[in-house]
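Coordinate analysis (summary)
Single-letter residue listing:
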Amino acid sequence: MDYESFFKQKLQDIKTEGRYRIFADLERCAKDFPYAYYYNEGDPRRVIVWCANDYLAMGQHEKVLNAMRGAIDRVGAGAGGTRNISGTNHYHVLLEKEIADLHDKESALIFSSGYVSNEASISALATHLPECVIFSDAHNHASIIQGIRNSRTPKEIFQHNNPTHLKELLSRYPRERAKLIIFESVYSMDGDIAPIEAFCDLAEEYKALTFIDEVHAVGMYGHKGGGIAQRDKQDHRLSIIEGTLGKAFGVVGGYIASSSYLVDFVRSFASGFIFTTSMPPAVAAASLASIQHLKMSQVERQRHQERVQKVKKRLTQAGIPFMPTSSHIIPILVRNAHQCKLASDQLLKEHNIYVQPINYPTVPRGTERLRITPSPVHTDQMIDDLIDALKSVWDNLYIEYAA
Ligand SMILES: *Cc1c(COP(=O)(O)O)cnc(C)c1O
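What counts as what
Residues numbered from 1 in each chain as written. Predicted model: local features only at pLDDT ≥ 70, side-chain atom pairs only at ≥ 80, totals over all residues. Heavy atoms only, no water. Pairing = 2+ DSSP bridges. Helix = DSSP H or I, 4+ residues; strand = E, 2+ residues; numbered from the N terminus. Near = heavy atom within 4 Å. Polar contact = N/O pair within 3.5 Å; in protein donor to acceptor, adjacent residues only side chain to side chain. Areas by Shrake-Rupley, 256 points an atom, 1.4 Å probe, with all protein chains shown as cover. Nonpolar A, V, L, I, M, F, W, Y, C, P; charged D, E, K, R; others polar. Patch = residues over 30% accessible without salt bridge, like charges linked within 9 Å, V, L, I, M, F, W, Y side chains within 5 Å. Salt bridge = Lys/Arg side-chain N within 4 Å of Asp/Glu carboxyl O. Expected span 1.5 Å × (residues − 1). Buried < 20%, exposed > 50% of the residue type's maximum accessible area, 1.4 Å probe, protein only. Axes fitted to C-alpha atoms, helices over the stretch in contact; angles between N-to-C directions. Parallel < 35°, antiparallel > 145°, perpendicular 65-115°, else oblique. Left-handed = near helix turned anticlockwise from the far one by under 90°. Contact = heavy atoms within 4.5 Å.

1. Considering the sheet that holds strand β12 (residues 353-354)
One open sheet accounts for four strands, arranged β1-β2-β3-β12; its pairing is mixed. Edge positions in the sheet fall to β1 (26-28) and β12, since each of these pairs with one other strand and no more. With four bridges connecting them, strand β2 (residues 35-38) and strand β3 (residues 45-49) associate as antiparallel partners. From the neighbouring strand, Tyr 35 faces β3, where its bridge partner is Ile 48.

2. Observations concerning the site of the ligand
Surveying the vicinity of the ligand reveals 13 residues, the closest of which are Gly 114, Asp 213, His 216, Thr 244 and Lys 247. At 2.8 Å from an oxygen atom of the ligand is found a main-chain nitrogen or oxygen belonging to Gly 114. His 141 is positioned such that a nitrogen or oxygen atom in its side chain is 3.5 Å from a nitrogen atom of the ligand. Relative to its free-state accessible area of 380 Å², the ligand is covered by the protein chains to the extent of 83%. Top element by residues in the shell around the ligand is helix α4 (residues 114-128). It accounts for three residues. When grouped by side-chain class, the residues that make up the shell around the ligand number two nonpolar, eight polar and three charged.

3. Digging into a nonpolar patch on the surface
On the surface, a cluster of nonpolar side chains totalling about 500 Å² of accessible area is made up of Met 1, Tyr 3, Phe 6 and Phe 7. Tracing the chain through its elements places Phe 6 in helix α1 (residues 3-16).

4. A word on helix α11 (residues 281-296)
For α11, with 16 residues, the first-to-last C-alpha span of 23 Å sits near the 22 Å given by 1.5 Å per residue. Taken across its 16 residues, α11 has 14 buried, putting it largely inside the fold.

5. Some details on the packing of helix α12 (residues 299-318) against helix α14 (residues 380-396)
Running from N to C, α12 and α14 point in directions that differ by 30°, and their axes come no closer than 10 Å. Taken together, α12 and α14 sit at an angle that is classed as roughly parallel. Considering the relative orientation of α12 and α14, their crossing is right-handed. The segment α12 lies against α14, with Arg 307, Lys 310, Val 311, Arg 314, Leu 315 and Ala 318 engaging Asp 380, Ile 383, Asp 384, Ile 387, Leu 390 and Lys 391. Its residues assigned to classes, the contact of α12 with α14 shows six nonpolar, no polar and six charged.

6. Re the pairing of strand β7 (residues 179-184)
With six of six residues buried, β7 is to be regarded as a mostly interior element. Alternating residues of β7 divide into Lys 179, Ile 181 and Phe 183 and Leu 180, Ile 182 and Glu 184, and every residue in both groups is buried. Pairing of strand β5 (residues 133-137) with β7 involves four bridges; the strand directions are parallel. Paired with Phe 135 across the bridge in β7 is Ile 181.

All quantities given are derived from atomic positions and should not be read as evidence of function.
Dropping the structure here:
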């Protein structure tokens with residue numbers, strides 16, 4: 001086989017479709033987020049980032065940076081091993097206690113990333129629970145799907161955010177059979193929110209475990225940043241809450257919070273937790289500082305929501321079509337992969353605004369979009385400039401305005 005031409009052809013196919021991924025080579029400005037330097041065209045150019053998942057700008061927060069520096073000075077760069085073999089640092093232990101408290105759960109466990117926390121926990125639970133059946137929301141993240149696949153457990157996919165369909169599927173199985181219901185709270189591409197209470201009601205009725213991915217909600221919702229389940233006072237009803245340290249908390253890493261026995265089980269059986277070097281202690285220290293800050297401070301959450309409302313209002317006034325969401329994620333619809341890429345290029349080249357185009361397979365074909373994520377540090381002036389730039393791009397490329 002001619003391997004090289006195989007790879008080349010596969011790449012050519014996605015290029016022809018307009019969905020070949022080009023990474024923006026950025027240098028974020030620590031004292032000056034949302035500004036970053038953009039390197040792709042030789043000389044670096046200062047641009048405004050409008051699509052970061054560092055939703056609250058905690059990745060640039062003084063307390064977080066100081067915690068990271070302090071930990072490096074105390075304990076060095078790497079952890080030095082897996083958790084079991086010399087790689088458990090005191091910062092990991094403190095962080096796990098803090099996360100358990102954040103979600104009012106007995107215990108918590110940290111992983112290299114949110115992706116790994118989903119994949120490793122779900123596959124460990126589903127593999128070992130006897131005759132388990134998984135009920136998974138149709139829009140669940142790739143990391144969840146991978147965890148389910150790895151477990152080779154029978155699964156039922158319920159229609160997105162649809163308790164009626166979930167109930168119908170649950171009712172086909174005997175009550176004694178082990179069941180795991182998996183869904184997200186805020187969906188990252190559409191910005192919509194799960195009916196958590198209805199799902200918990202069903203889980204109680206059919207005696208199922210519940211696993212919620214709160215990756216796009218932790219830090220941002222709830223009185224101490226515990227997520228949507230905390231905001232809606234459902235957190236005590238969920239068996240497992242999964243989150244990331246890489247989005248609103250501004251660092252990197254993932255976790256689950258649950259009962260002591262369940263967490264101890266995952267700690268003892270999940271391959272993706274056991275057989276890998278633990279996260280750098282400085283990363284744990286920075287995450288700890290970020291969580292602790294956001295537990296007490298409401299300023300970032302309030303300002304974040306206010307900025308989001310402002311951007312939505314201005315988009316409506318300008319007639320730029322976006323999906324109406326009740327979260328902080330604003331998907332602006334372009335509906336065509338090539339145009340989406342061109343719109344993003346024009347925003348960058350002519351307006352110094354960086355918004356990555358989102359194409360298939362991340363979203364279905366025909367729903368290509370620019371996903372805007374306002375943060376507390378986006379100013380009124382930046383919002384005005386964004387709206388003007390979008391209008392100019394919409395006119396230039398003859399993209400459809402809202403009806
Ligand atoms: C980003 C994301 C993850 C993975 O989290 P990382 O910490 O970035 O690995 C998991 N689930 C969802 C829904 C996500 O969007």
